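Here's the letter readout for the chains.
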Amino acid sequence: MIAALRCPICQSGLSPSPRALRCEHAHSFDLAKQGYAFLGTGKRLPEGDNAAMIEARCDFLGKGHFAPLTTAVAQAARSGLVVDLGAGPGHYLAAVLQRHHDAQGLAFDVSKAALRRAARAHPRAGAVLADTWGQLPLADGCVDVLLNIFAPRNGEQMRRVLRPDGQLVVVTPEPGHLLELRQRLALLNVDESKQQRLAASLSGFSQLTDEVLSWPMELSAHDARQLVLMGPNAFHEGDREPGAMTVTASVRLSTWTGRPLPTRPAAHDEVL
């Protein structure tokens, strides 16, 4: 995993030393005692999800409510070096590593609370705090599988670090995702143009598969509350309590490759 990382300042390789990673130009980056590497450049980064949001997410995901998606991601992903951009606590990355026993994983996020969890999500997973909107601290073409689960996309950098024949796995919410909960509490709606924006952000990739997954979730009042608190609605939910309810999950899972798909020869009409 360290062999794939690059110094965010000069892009040279990194080597481990006690409590730090260092490059040949003497740039040094701390290894936090919680287990993640800080590959920042001095620029102030967004804080990302706070500790309460991560706690709610781990509680909710740990009860298996998103199990159909977790299984689908693990089945869709290949083996090799798996990098999860916007990994949160590393839930989906751990599922992929559990399925592929020869794979290794790196979780990238800007949330320290998330990375504390991600660093312990699986024995073959490492965690990195870095700006995923800027130059990713990864070597060109070093990644076999990129995961992008409910996270923003830096298409140019994703294309750079993915192997030419590598695989990108993307999950985005459908318009009906958590609709009952959003209607009850007047929460944020899913952007109707999300699929168009997805395609635009991944120009240069070729799509391999595309499927919509939907399933009902029977939630207790506590679980419904945790579902609100674990995402961006945590900043907009107000004082209303959702109560126990049935909520529909609806997401789109697509896979892409960095290499253009082969074109088929044009069919010729037979001469009668």
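Everything here concerns the structure above.
On a predicted model such as this, the values are computed, not experimentally measured, just so you know. (Residues numbered from 1 in each chain as written. Predicted model: local features only at pLDDT ≥ 70, side-chain atom pairs only at ≥ 80, totals over all residues. Heavy atoms only, no water.)

**Q** Whenever I open this one, helix 2 (residues 67-76) confuses me. Can you help?
**A** Because an α-helix packs 3.6 residues into every turn, residues spaced three or four apart end up facing the same way. Along helix 2, the residues classified as buried are Leu69, Thr70, Ala72, Val73 and Ala74. Along its buried surface, helix 2 packs onto helix 3 (91-99), strand 8 (143-149), strand 9 (162-173), strand 10 (206-219) and strand 11 (245-257). (Buried < 20%, exposed > 50% of the residue type's maximum accessible area, 1.4 Å probe, protein only. Helix = DSSP H or I, 4+ residues; strand = E, 2+ residues; numbered from the N terminus. Contact = heavy atoms within 4.5 Å.)

**Q** Quick question: what am I supposed to make of the sheet that holds strand 1 (residues 14-17) here?
**A** Across a sheet, strands are paired by hydrogen bonds formed along the backbone, either parallel or antiparallel in direction. In spatial order, the strands read 1-2-3; together these three strands make up an open sheet with antiparallel pairing. Looking at the sheet topology across the chains shown, the edges are occupied by strand 1 and strand 3 (28-30). Direction aside, neighbouring strands of the sheet carry axes that sit 25 degrees apart on average. Where strand 2 (residues 20-23) lies against strand 3, three bridges are found, and the strand directions are antiparallel. Following the sheet pairing, Leu21 is matched in strand 3 by Phe29. (Pairing = 2+ DSSP bridges. Axes fitted to C-alpha atoms, helices over the stretch in contact; angles between N-to-C directions.)

**Q** Looking at this structure, I do not really get the side chain of His100. What am I missing?
**A** Within the secondary structure, His100 sits in the loop between helix 3 and strand 6 (104-109). The class for His100 is buried, based on a relative accessible area of 17%. Excluding residues that lie within four positions of it along the chain, His100 makes contacts with Ala74, Ala77, Arg78, Ser79 and Arg124.

**Q** What should I look at first to understand the environment of Asp165 in this one?
**A** Topologically, Asp165 is positioned in strand 9. With 52 residues separating them along the chain, Asp165 and Ala113 place their C-alpha atoms 33 Å apart.

**Q** Quick question: what am I supposed to make of the sheet that holds strand 8 here?
**A** Strand order in this open sheet of eight strands is 4-7-6-5-8-9-11-10, and the pairing throughout is mixed. The outermost strands of the open sheet, each flanked by one partner alone, are strand 4 (36-38) and strand 10. Shown here is a sheet whose adjacent strand axes are inclined to one another by a mean of 20 degrees, direction ignored. In terms of strand pairing, strand 10 meets strand 11 through 13 bridges, oriented antiparallel. Along strand 11, the bridge assignment pairs Thr209 with Thr255. Where helix 3 meets the sheet, its contacts fall on strand 5 (81-85), strand 6, strand 7 (125-129) and strand 8, and the angle it forms with strand 6 comes to roughly 175 degrees. Each of strand 10 and strand 11 touches helix 8 (residues 221-229); the most contacted strand, strand 10, lies at about 145 degrees to it.

**Q** Hey, could you run me through helix 3 in this one?
**A** Inspection of helix 3 places Tyr92, Leu93, Ala94, Ala95, Val96 and Leu97 among the buried residues, and these make up the whole buried set. On the buried face of helix 3, the contacting elements are helix 1 (51-62), helix 2, strand 5, strand 6, strand 7 and strand 8.

**Q** Which parts of the structure should I look at to understand the packing of helix 2 against helix 3?
**A** A pair of packed helices is captured by two measures, namely the crossing angle of their axes and the spacing between those axes. Interaxial distance between helix 2 and helix 3 falls to 8 Å at its minimum, and their mutual angle equals 50 degrees. The angle between helix 2 and helix 3 falls in the class oblique. Here helix 2 runs over helix 3; the crossing is right-handed. For the pair formed by helix 2 and helix 3, the contact residues are Leu69, Thr70, Val73, Ala74 and Gln75 on the first element and His91, Tyr92, Ala95, Val96 and Arg99 on the second. Counted by class, the contact of helix 2 with helix 3 contains six nonpolar, three polar and one charged residues. (Parallel < 35°, antiparallel > 145°, perpendicular 65-115°, else oblique. Left-handed = near helix turned anticlockwise from the far one by under 90°. Nonpolar A, V, L, I, M, F, W, Y, C, P; charged D, E, K, R; others polar.)

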